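Fold and geometry: a report
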Amino acid sequence: MFKEANPDPVRQEALAGLIAHLVQQGHEPKYAQLMATSIIFQTDLDLRNAQMANLLTWLQQEHNDIYSFAVGVVEKTRSDFENRVQRG
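Residues numbered from 1 in each chain as written. Predicted model: local features only at pLDDT ≥ 70, side-chain atom pairs only at ≥ 80, totals over all residues. Heavy atoms only, no water.

Comments concerning the packing of helix α1 (residues 9-24) against helix α2 (residues 29-62)
Interaxial distance between α1 and α2 falls to 8 Å at its minimum, and their mutual angle equals 135 degrees. When the interaxial angle is binned, α1 and α2 end up oblique. Where α1 crosses over α2, the two elements pack in a sense that is right-handed. Taking contact as the criterion, the partners of Arg 11, Ala 14, Leu 15, Leu 18, Ile 19, Leu 22 and Val 23 in α1 are, on α2, Pro 29, Ala 32, Gln 33, Met 35, Ala 36, Thr 37, Ile 39, Ile 40 and Asp 44. Of the residues belonging to the contact of α1 with α2, the class tally is 12 nonpolar, two polar and two charged. (Axes fitted to C-alpha atoms, helices over the stretch in contact; angles between N-to-C directions. Helix = DSSP H or I, 4+ residues; strand = E, 2+ residues; numbered from the N terminus. Parallel < 35°, antiparallel > 145°, perpendicular 65-115°, else oblique. Left-handed = near helix turned anticlockwise from the far one by under 90°. Contact = heavy atoms within 4.5 Å. Nonpolar A, V, L, I, M, F, W, Y, C, P; charged D, E, K, R; others polar.)

Describing the side chain of Asp 44
When you line up the elements, Asp 44 lands in helix α2. Residue classification places Asp 44 among the buried residues on the basis of a relative accessible area of 17%. Within polar-contact distance, the side chain of Asp 44 engages the side chain of Arg 11 at 3.3 Å. (Buried < 20%, exposed > 50% of the residue type's maximum accessible area, 1.4 Å probe, protein only. Polar contact = N/O pair within 3.5 Å; in protein donor to acceptor, adjacent residues only side chain to side chain.)

Focus on the environment of Leu 15
In this fold, Leu 15 is placed in helix α1. Taking relative accessible area as the criterion, Leu 15 reaches 7% and is therefore assigned buried. Considering only alpha carbons, one finds Leu 15 and Ile 39, 24 residues apart in sequence, at a separation of 9.1 Å.

Topic: the nonpolar core
Core analysis: the biggest nonpolar cluster contains six residues, these being Leu 15, Ile 19, Leu 22, Ala 32, Ala 36 and Ile 40. Counting only elements with at least two residues in this core, the list comes to α1 and α2. Setting aside residues no more than four positions away along its own chain, Ile 19 makes contact with Ala 32, Gln 33 and Ala 36. (Core = buried A, V, L, I, M, F, W, Y, C linked by side-chain atoms within 4.5 Å.)

Listed below in structure tokens is the structure:
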């Protein structure tokens, strides 16, 4: 399980509940914990992607003057991240 500096009690409760549900379905506890962590992590990524998409859509509709700048910031962040991953 991921260690967080300030664990979110809602996330911790969701993780514990999901682990218990997976164990009830017959998965071994150690695999259930990994599966639950993966599910919550993917859900968190999906949420963040939706937030970013909604923010960019809102900027385009309400503040078109800075929309292209915001898209550039997002693209630079992606590019910088990919470069860091490639470097290891």
